[in-house]
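Close look at the chain arrangement
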Amino acid sequence: MKPDEDDYRAFIDARYARLVRAAILFGCREQDAEDAVQEALIRCYTAWGRVSAADDRDAYVYRVLVNGITRGRRRRWRGEIPYQDLPEPQPADDPATTVSLSQSVRRSLGRLGPDQRQVLVLRYFADLTENQVATVLGIRPGTVKSRASRAIAALSEDGSLRELITRTHEEKS
């Protein structure tokens, strides 16, 4: 059965960038994130009848993406990527401040376990409901709540992130 090309293309056009960003927030490098999204969308294309018939197409596609990334990590080891020290903070009008904040958020998310990171990205970046996140990850909604709570607590204790957010708010004031 050939998928409805127009429906599939409209779906991709509306969600591709968010899917790539979600994959980056799951811990993939940008190029790997694009590859993971393409692989997920290829899988969804071949099963578009099931995807379009699903109660929640977004949850279905995110589940395919999460499963693909998890499968890829099991197959090959990816060593730590060393980073140089961050440059000194720049004035608020400087785009480097935004980049620095983004890098700090990524590092902080990287310190979380994959389960907590997946819940936060799906819940707060992808803006899925707790039930949708539970469906995507194959867990109970209560587990989504507890993982999110623990992850938020861990992020709130991250001194570098707290310092950067405080400094960013002060610069804007």
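Residues numbered from 1 in each chain as written. Predicted model: local features only at pLDDT ≥ 70, side-chain atom pairs only at ≥ 80, totals over all residues. Heavy atoms only, no water.

**Let's talk about the overall build of the protein chain**
In terms of helices and strands, the protein chain carries nine helices and zero strands. Each helix and strand of the protein chain, placed in order from N terminus to C terminus, yields the pattern α-α-α-α-α-α-α-α-α. Taking all 173 residues of the protein chain together, 34% fall into the buried category. A separation of at least 24 residues holds for 66% of the contacts in the protein chain among residues at least 6 apart in sequence. (Helix = DSSP H or I, 4+ residues; strand = E, 2+ residues; numbered from the N terminus. Buried < 20%, exposed > 50% of the residue type's maximum accessible area, 1.4 Å probe, protein only. Contact = heavy atoms within 4.5 Å.)

**Considerations on the packing of aromatic side chains**
Across all of its chains, the model carries three aromatic pairs by this definition. With centroids separated by 5.4 Å and ring planes inclined at 65 degrees, the aromatic side chains of Phe11 and Trp48 adopt a geometry described as edge-to-face. Here Phe11, found in helix 1 (residues 5-25), pairs with Trp48, found in helix 3 (residues 48-53); they are 37 residues apart in sequence, far enough to count as distant. Each member of the pair, Phe11 together with Trp48, is buried. The lysine or arginine in question, Arg18, covers the ring of Phe125, its NZ or CZ lying 4.8 Å from the ring centre. (Phe/Tyr/Trp six-rings, centres within 6.5 Å; stacked < 30°, edge-to-face > 60°. Lys NZ or Arg CZ within 6 Å of the ring centre and 35° of its normal.)

**Side note on helix 8 (residues 141-156)**
The end-to-end C-alpha distance of helix 8, which contains 16 residues, comes to 22 Å, matching closely the 22 Å that a straight helix rising 1.5 Å per residue would cover. Along helix 8, the residues that are buried comprise Val144, Arg147, Ala148 and Ala151. The buried side chains of helix 8 occupy one side of the element, clustering within an arc of 100 degrees when seen end-on. In this structure, the buried side of helix 8 is in contact with helix 6 (114-125) and helix 7 (130-137). (Expected span 1.5 Å × (residues − 1). Arc of directions from axis to C-beta.)

**What to know about the nonpolar core**
Within the largest apolar cluster, 41 residues are counted, with the highest numbers of intra-cluster contacts made by Phe26, Tyr62, Leu65, Leu122 and Val136. Contributing elements (two or more residues each) for this core: helix 1, helix 2 (30-46), helix 3, helix 4 (57-75), helix 6, helix 7 and helix 8. Here the element with the most residues in this core is helix 1; it accounts for nine residues. Setting aside anything within four residues of it in sequence, one finds Leu122 in contact with Phe26, Tyr62, Val66, Asp127, Leu128, Val133, Val136 and Leu137. (Core = buried A, V, L, I, M, F, W, Y, C linked by side-chain atoms within 4.5 Å.)

**A short note on the confidence of the model for the protein chain**
Overall, the predicted model of the protein chain reaches an average pLDDT of 83, with 78% of residues at or above 70. At the low end of the mean pLDDT range in the protein chain sits helix 9 (residues 159-172), at 67; at the high end sits helix 7, at 94. (pLDDT = per-residue confidence, 0-100.)

**Considerations on the packing of helix 1 against helix 2**
One way to put it is that helix 1 packs onto helix 2 with a least axis distance of 9 Å and a crossing angle of 150 degrees. In this structure, helix 1 meets helix 2 at a crossing whose hand is right-handed. Residue-level inspection shows Glu5, Tyr8, Ile12, Tyr16, Leu19, Val20, Ala23 and Ile24 of helix 1 in contact with helix 2, the latter providing Glu30, Ala33, Glu34, Val37, Gln38, Leu41, Ile42, Cys44 and Tyr45. (Axes fitted to C-alpha atoms, helices over the stretch in contact; angles between N-to-C directions. Left-handed = near helix turned anticlockwise from the far one by under 90°.)

**Observations concerning the packing of helix 6 against helix 7**
Running from amino to carboxyl end, helix 6 crosses helix 7 at an angle of 135 degrees, the nearest separation of the two axes being 9 Å. On the basis of the axis angle, helix 6 is oblique to helix 7. Helix 6 and helix 7 meet at a crossing whose hand is right-handed. In contact with Gln118, Val119, Leu122 and Arg123 of helix 6, helix 7 contributes Glu130, Val133, Val136 and Leu137. Classifying every residue of the contact of helix 6 with helix 7 by side-chain character gives five nonpolar, one polar and two charged. (Parallel < 35°, antiparallel > 145°, perpendicular 65-115°, else oblique. Nonpolar A, V, L, I, M, F, W, Y, C, P; charged D, E, K, R; others polar.)

**Remarks on the side chain of Ser108**
Within the secondary structure, Ser108 sits in helix 5 (residues 95-111). Overall, the relative accessible area of 2% leaves Ser108 in the buried class. If sequence neighbours within four positions are ignored, Ser108 has contacts with Leu155, Asp158 and Leu161.

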